[in-house]
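# Structural overview
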Amino acid sequence: MSSPPPAPAPFGTLLGLAPGDVPAYSSDYATADERELPDRHAYRSYLDGIYMGHKWQCVEFARRWLYVNEGWIFDEVGMAYEIFELASVIDVRTKTRLPMRSFENGSRRPPEPGCLLVWDEGGEFERTGHVAIVVEVLEDRVRFVEQNFDHKVWPEGQRWAREIKARRTPTGEFWVESSFADATILGWVI
(Lines give C-alpha, C1' and ligand atoms only; values in the text may rest on other atoms or scores of the structure.)
Protein backbone atom coordinates (compact mmCIF):
# COMPACT_ATOMS: atom_id res chain seq x y z
CA MET A 1 0.00 0.00 0.00
CA SER A 2 1.51 3.34 -1.03
CA SER A 3 1.35 6.42 1.11
CA PRO A 4 -0.67 9.42 -0.06
CA PRO A 5 1.25 12.17 -1.87
CA PRO A 6 2.53 14.98 0.34
CA ALA A 7 0.27 17.98 0.87
CA PRO A 8 1.10 21.13 -1.07
CA ALA A 9 3.64 23.38 0.62
CA PRO A 10 2.08 26.56 2.05
CA PHE A 11 2.05 29.73 -0.06
CA GLY A 12 5.49 31.34 -0.26
CA THR A 13 7.43 28.22 0.80
CA LEU A 14 10.77 27.88 -0.99
CA LEU A 15 10.37 24.86 -3.30
CA GLY A 16 13.89 24.88 -4.68
CA LEU A 17 16.65 26.91 -6.26
CA ALA A 18 16.85 27.02 -10.03
CA PRO A 19 20.09 27.66 -11.91
CA GLY A 20 21.35 31.14 -11.09
CA ASP A 21 20.08 30.57 -7.53
CA VAL A 22 16.64 31.82 -8.51
CA PRO A 23 14.14 30.70 -5.87
CA ALA A 24 10.88 29.01 -6.86
CA TYR A 25 8.02 29.41 -4.41
CA SER A 26 4.74 27.65 -3.67
CA SER A 27 1.68 29.44 -5.00
CA ASP A 28 -0.86 27.38 -3.07
CA TYR A 29 -3.29 30.30 -2.73
CA ALA A 30 -5.55 28.36 -0.37
CA THR A 31 -2.83 28.75 2.29
CA ALA A 32 -1.95 32.42 1.66
CA ASP A 33 -2.08 34.57 4.80
CA GLU A 34 -4.66 37.33 4.29
CA ARG A 35 -2.93 39.47 6.94
CA GLU A 36 0.29 39.52 4.89
CA LEU A 37 -1.50 39.62 1.54
CA PRO A 38 -4.67 41.65 2.16
CA ASP A 39 -5.40 42.64 -1.45
CA ARG A 40 -4.39 42.08 -5.08
CA HIS A 41 -1.68 44.76 -4.91
CA ALA A 42 0.10 42.80 -2.16
CA TYR A 43 0.56 39.91 -4.64
CA ARG A 44 2.61 42.02 -7.05
CA SER A 45 6.22 40.82 -7.28
CA TYR A 46 9.05 43.28 -7.96
CA LEU A 47 12.79 42.83 -8.33
CA ASP A 48 15.04 45.90 -8.54
CA GLY A 49 11.87 47.97 -8.95
CA ILE A 50 10.79 46.00 -12.04
CA TYR A 51 7.41 44.29 -12.04
CA MET A 52 7.86 40.52 -12.44
CA GLY A 53 4.25 39.38 -12.17
CA HIS A 54 1.74 37.98 -9.71
CA LYS A 55 3.24 36.03 -6.76
CA TRP A 56 4.04 33.09 -7.38
CA GLN A 57 2.66 32.39 -10.81
CA CYS A 58 4.55 30.63 -13.61
CA VAL A 59 4.87 33.85 -15.65
CA GLU A 60 6.35 35.69 -12.65
CA PHE A 61 8.96 32.96 -12.28
CA ALA A 62 9.85 32.97 -15.99
CA ARG A 63 10.27 36.76 -16.03
CA ARG A 64 12.33 36.73 -12.80
CA TRP A 65 14.52 33.83 -13.99
CA LEU A 66 15.31 35.57 -17.29
CA TYR A 67 16.00 38.85 -15.51
CA VAL A 68 18.37 37.31 -12.93
CA ASN A 69 20.21 35.05 -15.38
CA GLU A 70 20.24 37.11 -18.58
CA GLY A 71 19.26 40.67 -17.67
CA TRP A 72 16.22 40.38 -19.96
CA ILE A 73 12.52 40.81 -19.40
CA PHE A 74 9.65 39.99 -21.73
CA ASP A 75 6.56 42.13 -22.14
CA GLU A 76 3.68 41.61 -19.75
CA VAL A 77 1.18 39.00 -20.89
CA GLY A 78 -2.33 38.23 -19.69
CA MET A 79 -1.86 34.47 -19.87
CA ALA A 80 1.19 32.20 -20.03
CA TYR A 81 0.37 30.76 -23.47
CA GLU A 82 0.67 34.29 -24.96
CA ILE A 83 4.45 34.10 -24.41
CA PHE A 84 4.64 31.81 -27.45
CA GLU A 85 3.63 34.77 -29.65
CA LEU A 86 6.20 37.24 -28.30
CA ALA A 87 8.87 38.30 -30.75
CA SER A 88 11.37 40.00 -28.44
CA VAL A 89 12.73 40.58 -24.95
CA ILE A 90 14.13 43.79 -23.50
CA ASP A 91 17.75 43.89 -22.38
CA VAL A 92 17.30 45.87 -19.17
CA ARG A 93 20.91 47.13 -19.15
CA THR A 94 20.91 48.56 -22.68
CA LYS A 95 17.15 49.21 -23.00
CA THR A 96 17.23 47.48 -26.40
CA ARG A 97 14.98 44.80 -27.81
CA LEU A 98 16.47 41.44 -28.66
CA PRO A 99 14.69 38.95 -30.93
CA MET A 100 13.04 35.81 -29.61
CA ARG A 101 11.97 32.90 -31.79
CA SER A 102 9.24 30.37 -31.14
CA PHE A 103 9.59 26.77 -32.27
CA GLU A 104 6.54 24.54 -32.39
CA ASN A 105 6.64 21.24 -30.56
CA GLY A 106 7.89 18.77 -33.18
CA SER A 107 10.37 21.22 -34.72
CA ARG A 108 13.74 20.02 -35.90
CA ARG A 109 15.41 22.50 -33.54
CA PRO A 110 15.19 21.05 -30.03
CA PRO A 111 14.73 23.15 -26.91
CA GLU A 112 17.90 24.21 -25.14
CA PRO A 113 18.75 25.22 -21.57
CA GLY A 114 17.38 28.67 -20.79
CA CYS A 115 14.53 28.58 -23.28
CA LEU A 116 10.87 28.92 -22.28
CA LEU A 117 8.71 25.80 -22.58
CA VAL A 118 5.11 26.90 -23.20
CA TRP A 119 1.85 24.97 -22.78
CA ASP A 120 -1.35 26.00 -24.53
CA GLU A 121 -4.48 26.98 -22.67
CA GLY A 122 -6.89 24.17 -21.89
CA GLY A 123 -7.08 20.96 -19.91
CA GLU A 124 -4.77 20.92 -16.90
CA PHE A 125 -3.88 24.55 -17.58
CA GLU A 126 -7.47 25.73 -18.17
CA ARG A 127 -7.55 29.28 -19.52
CA THR A 128 -3.98 30.25 -18.69
CA GLY A 129 -1.52 27.86 -20.27
CA HIS A 130 1.79 27.38 -18.47
CA VAL A 131 5.44 28.32 -18.86
CA ALA A 132 8.62 26.77 -17.49
CA ILE A 133 12.36 27.25 -18.04
CA VAL A 134 14.26 24.36 -19.62
CA VAL A 135 17.43 23.50 -17.68
CA GLU A 136 18.50 20.22 -19.31
CA VAL A 137 17.70 18.44 -22.58
CA LEU A 138 18.43 14.72 -22.75
CA GLU A 139 17.71 12.25 -25.54
CA ASP A 140 14.55 10.95 -23.87
CA ARG A 141 13.44 13.74 -21.53
CA VAL A 142 13.52 17.44 -20.76
CA ARG A 143 14.07 18.85 -17.26
CA PHE A 144 12.75 22.26 -16.28
CA VAL A 145 12.07 24.67 -13.43
CA GLU A 146 8.69 26.24 -12.74
CA GLN A 147 6.27 27.71 -10.24
CA ASN A 148 2.52 27.30 -9.85
CA PHE A 149 2.31 23.64 -10.64
CA ASP A 150 2.14 21.13 -7.78
CA HIS A 151 3.53 23.25 -4.91
CA LYS A 152 5.92 20.46 -3.83
CA VAL A 153 9.42 21.01 -2.42
CA TRP A 154 12.08 19.69 -4.79
CA PRO A 155 14.26 16.82 -3.53
CA GLU A 156 17.43 17.86 -1.69
CA GLY A 157 20.09 19.11 -4.12
CA GLN A 158 17.86 18.82 -7.19
CA ARG A 159 18.06 21.91 -9.42
CA TRP A 160 14.94 21.19 -11.47
CA ALA A 161 11.24 20.88 -10.66
CA ARG A 162 10.08 18.19 -13.09
CA GLU A 163 11.07 16.22 -16.14
CA ILE A 164 8.89 14.98 -18.97
CA LYS A 165 9.45 12.56 -21.81
CA ALA A 166 10.89 13.70 -25.11
CA ARG A 167 11.83 11.97 -28.35
CA ARG A 168 13.38 12.64 -31.70
CA THR A 169 11.71 11.04 -34.70
CA PRO A 170 13.65 9.34 -37.50
CA THR A 171 13.00 12.44 -39.63
CA GLY A 172 14.61 14.71 -37.01
CA GLU A 173 11.58 16.23 -35.30
CA PHE A 174 11.91 16.82 -31.57
CA TRP A 175 8.75 16.21 -29.52
CA VAL A 176 8.23 16.99 -25.85
CA GLU A 177 5.33 14.98 -24.44
CA SER A 178 2.90 16.63 -22.09
CA SER A 179 2.48 14.69 -18.88
CA PHE A 180 -1.28 15.33 -19.09
CA ALA A 181 -3.53 13.87 -21.76
CA ASP A 182 -5.61 17.05 -21.78
CA ALA A 183 -2.73 19.58 -22.03
CA THR A 184 -0.74 20.54 -25.09
CA ILE A 185 2.80 21.87 -25.30
CA LEU A 186 2.92 24.63 -27.93
CA GLY A 187 6.70 24.55 -28.09
CA TRP A 188 9.67 26.56 -26.87
CA VAL A 189 10.81 30.15 -27.12
CA ILE A 190 14.51 30.90 -27.52
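Here the structure is a predicted model, which means the values were calculated and not measured. (Residues numbered from 1 in each chain as written. Predicted model: local features only at pLDDT ≥ 70, side-chain atom pairs only at ≥ 80, totals over all residues. Heavy atoms only, no water.)

What follows covers the overall build of the protein chain. For the protein chain, the count of helices and strands is 1 helix and 14 strands. The C-alpha radius of gyration computed for the protein chain amounts to 17 Å, which stays within 12% of the reference 16 Å derived for 190 residues, consistent with globular compactness. If one aligns the C-alpha atoms of the protein chain with their principal axes, the spans along those axes are about 55 × 55 × 30 Å. Restricting the contact set of the protein chain to residue pairs at least 6 apart, pairs at least 24 apart contribute 50%. Accessible surface computed for the protein chain: about 10,200 Å², of which carbon and sulfur atoms make up 51%. Placing the 21 positive and 30 negative side-chain charges of the protein chain at their respective mean positions leaves the two points 3 Å apart. (Helix = DSSP H or I, 4+ residues; strand = E, 2+ residues; numbered from the N terminus. Rg over C-alpha atoms; globule rule 2.2 N^0.38 Å. Contact = heavy atoms within 4.5 Å. Areas by Shrake-Rupley, 256 points an atom, 1.4 Å probe, with all protein chains shown as cover. Lys, Arg positive; Asp, Glu negative; His and termini not counted. Charge placed at Lys NZ, Arg CZ, Asp CG, Glu CD.)

So, about the sheet that holds strand S13 (residues 174-176). With antiparallel pairing, 7 strands are arranged side by side in an open sheet as S8-S14-S9-S10-S11-S12-S13. The two strands at the open ends of the sheet, each matched to only one other strand, are strand S8 (102-104) and S13. Here the strands of the sheet are splayed against their neighbours by 35° on average, with no regard to which way each runs. As defined by bridge partners, strand S10 (residues 130-137) adjoins strand S11 (residues 141-145) across 4 bridges and the pair is classed as antiparallel. Bridging across to S11, glutamate 136 finds its partner in arginine 143. (Pairing = 2+ DSSP bridges. Axes fitted to C-alpha atoms, helices over the stretch in contact; angles between N-to-C directions.)

So, about the packing of aromatic side chains. All chains considered together, the criterion is met by 11 aromatic pairs. Residues tryptophan 119 and phenylalanine 144 carry aromatic rings whose centres are separated by 5.7 Å and whose planes lie at 65° to one another, so their mutual orientation is edge-to-face. Of this pair, tryptophan 119 sits in strand S9 (residues 116-119) while phenylalanine 144 sits in strand S11, placing them 25 residues apart in sequence. Each member of the pair, tryptophan 119 as well as phenylalanine 144, carries the same accessibility label: buried. Ring geometry for phenylalanine 174 against tryptophan 188: centres 6.2 Å apart, planes inclined by 85°, an arrangement best described as edge-to-face. (Phe/Tyr/Trp six-rings, centres within 6.5 Å; stacked < 30°, edge-to-face > 60°. Buried < 20%, exposed > 50% of the residue type's maximum accessible area, 1.4 Å probe, protein only.)

Our focus in this paragraph is the side chain of glutamate 60. Within the fold, glutamate 60 resides in helix H1 (residues 58-70). Glutamate 60 sits in the buried class, given a relative accessible area of 0%. Of the polar contacts made by the side chain of glutamate 60, one reaches the side chain of serine 45; its length is 2.8 Å. Each residue touching glutamate 60, except ones within four places of it in the same chain, is listed here: Ser45, Met52, Gly53, His54 and Gln147. (Polar contact = N/O pair within 3.5 Å; in protein donor to acceptor, adjacent residues only side chain to side chain.)

With that settled, the discussion passes to the pairing of S9. Working note: regular strand, side chains alternate between the two faces of the sheet. Here S9 shows no split at all, with Leu116 and Val118 on one side and Leu117 and Trp119 on the other all buried. Of the pairings in the sheet, the one linking S9 to S10 comprises 4 bridges and is antiparallel in character. The residue of S10 that forms the bridge with tryptophan 119 is histidine 130. In terms of strand pairing, S9 meets strand S14 (residues 185-189) through 4 bridges, oriented antiparallel. From the neighbouring strand, tryptophan 119 faces S14, where its bridge partner is isoleucine 185.

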